[in-house]
Amino acid sequence: MGLFFDIIGFSASSLLWGLLIALVCVVLFAFIIKGWWKNAMFTPPTYIIGFVLFVLLAIQFTLIIGSIKIINKTEYYEQEITSVINSINIENTTTQQTDSIIKELKSEYPIIENYINEADYHGKSLAQMPHTIALNIKSYLKSYILRRMLWALGFIIVGIICTIKSISVGNGTRRHRQYSQNSRRPIDSGHSRKHIRRRR
């Protein structure tokens, strides 16, 4: 969840877009269920399932939107990191200085802290570091977005299964109650007598 709060801090609009997309998905989900089962009645468990699905999808879509925005800003980070590195003497830089530069970049741009590992840059040229960091960010976030989409799809599939079960149980109970009420209705004795007289 650390990345989730980092993304919200980086772009609050990601949360708004995540909530909006999740709401649209849940509403469409409800319309599809009602369209498929015309006489379906949503039960309390159905509404609980819908709310849980909304929360889970909102988290996934917030992470996806935020990751896309970070990818779109990698060129800016690459330029900023390049200006920082150009301000020092690259030829005489030691490994310890490289680590300190990376830590400085993390403190300056907290959002990229999740994608930078000091060990990945040991023995490498500082001149190549900005481009390498940008590539690492893009590569990591693309696979991260794919994982979030798969999680969202999995939540939707589980939500469909649970919703169908909750609806069928509700309708089954309703039909059972109607059947029980019909079976308990007293027999109309007057109607029976008329039927017997006609036979005579």
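Anything mentioned here points back to the structure above.
These remarks concern the structure in this document.

Criteria and cut-off values
- Residues numbered from 1 in each chain as written.
- Predicted model: local features only at pLDDT ≥ 70, side-chain atom pairs only at ≥ 80, totals over all residues.
- Heavy atoms only, no water.
- Helix = DSSP H or I, 4+ residues; strand = E, 2+ residues; numbered from the N terminus.
- Buried < 20%, exposed > 50% of the residue type's maximum accessible area, 1.4 Å probe, protein only.
- Contact = heavy atoms within 4.5 Å.
- Phe/Tyr/Trp six-rings, centres within 6.5 Å; stacked < 30°, edge-to-face > 60°.
- Lys NZ or Arg CZ within 6 Å of the ring centre and 35° of its normal.
- Patch = residues over 30% accessible without salt bridge, like charges linked within 9 Å, V, L, I, M, F, W, Y side chains within 5 Å.
- Areas by Shrake-Rupley, 256 points an atom, 1.4 Å probe, with all protein chains shown as cover.
- Salt bridge = Lys/Arg side-chain N within 4 Å of Asp/Glu carboxyl O.
- Expected span 1.5 Å × (residues − 1).
- Arc of directions from axis to C-beta.
- Core = buried A, V, L, I, M, F, W, Y, C linked by side-chain atoms within 4.5 Å.
- Axes fitted to C-alpha atoms, helices over the stretch in contact; angles between N-to-C directions.
- Parallel < 35°, antiparallel > 145°, perpendicular 65-115°, else oblique.
- Left-handed = near helix turned anticlockwise from the far one by under 90°.
- Nonpolar A, V, L, I, M, F, W, Y, C, P; charged D, E, K, R; others polar.

### Some words on the overall build of the chain
Here's step 1: Helix and strand counts for the chain stand at 7 helices and 0 strands.
Here's step 2: Taken from the N to the C terminus, the helices and strands of the chain come in the order α-α-α-α-α-α-α.
Here's step 3: Every one of the 200 residues in the chain was classed for burial, and the buried ones make up 32%.
Here's step 4: A fraction of 82% describes how many contacts in the chain between residues 6 or more apart in sequence connect residues 24 or more apart.

### Quick look at the packing of aromatic side chains
Here's step 1: Tallied over the entire structure, the rule returns 3 aromatic pairs.
Here's step 2: With 5.7 Å between their ring centres and 35° between their planes, W151 and F155 make a pair best called tilted. With W151 and F155 both in helix α6 (residues 129-184) and 4 residues apart, this pair spans about one turn of that helix.
Here's step 3: Note on W151: relative accessible area 48%, which makes it partly exposed.
Here's step 4: Stacked on the ring of F42, the Lys or Arg K34 has its end atom at 5.5 Å from the ring centre.

### Focus on the side chain of S14
Here's step 1: Mapped onto the secondary structure, S14 falls in helix α2 (residues 12-36).
Here's step 2: Sequence-distant contacts of S14, that is, excluding residues within four places in its chain, are made with I7, T62, I65, G66 and K69.

### What to know about a nonpolar patch on the surface
Here's step 1: Together, W17, L20, V24, L28 and I32 make up a nonpolar patch on the protein surface, roughly 500 Å² of accessible area in all.
Here's step 2: Along the chain, W17 falls in helix α2.
Here's step 3: Judged by relative accessible area, W17 falls into the partly exposed class, the value being 46%.

### Some points on the environment of T82
Here's step 1: Looking at the secondary structure, you find T82 in helix α4 (residues 74-86).
Here's step 2: Residue T82 is classed as partly exposed on the basis of its relative accessible area of 29%.
Here's step 3: Along the chain, T82 and A127 lie 45 residues apart, while their C-alpha atoms are 7.6 Å from each other.

### Description of α4
Here's step 1: Its 13 residues give α4 an end-to-end C-alpha distance of 18 Å, which sits within 8% of 18 Å, the value for a rise of 1.5 Å per residue.
Here's step 2: Taken together, the buried positions of α4 are occupied by T74, Y77, I81 and I85. Angularly, the buried residues of α4 cover 70° about the axis, an arc narrow enough to put them on a single face. Seen from the open side of α4, the exposed residues pointing more than 90 degrees away from its buried face are E75, Q79 and N86.

### Details of the nonpolar core
Here's step 1: With 31 residues, the main nonpolar core has L57, I81, L105, I112, M129, I133 and I137 as its most contacted residues.
Here's step 2: Of all elements in the fold, only α2, α3 (44-72), α4, α5 (95-108) and α6 reach the threshold of two or more residues within this core.
Here's step 3: When residues of this core are assigned to their parent elements, the largest contribution, 9 residues, is made by α6.

### Side note on the packing of α2 against α3
Here's step 1: The interhelical angle for the contact between α2 and α3, taken along N-to-C directions, is 135°, at an axis separation of 7 Å. When the interaxial angle is binned, α2 and α3 end up oblique. For the pair α2 and α3, the sense of crossing is right-handed. From α2, S13, S14, L15, W17, G18, L19, I21, A22, L23, C25, V26 and F29 reach across to α3, where they touch G50, L53, F54, L57, A58, F61, T62, I65, G66 and K69.
Here's step 2: Residue classes in the contact of α2 with α3 are distributed as 15 nonpolar, 6 polar and 1 charged.

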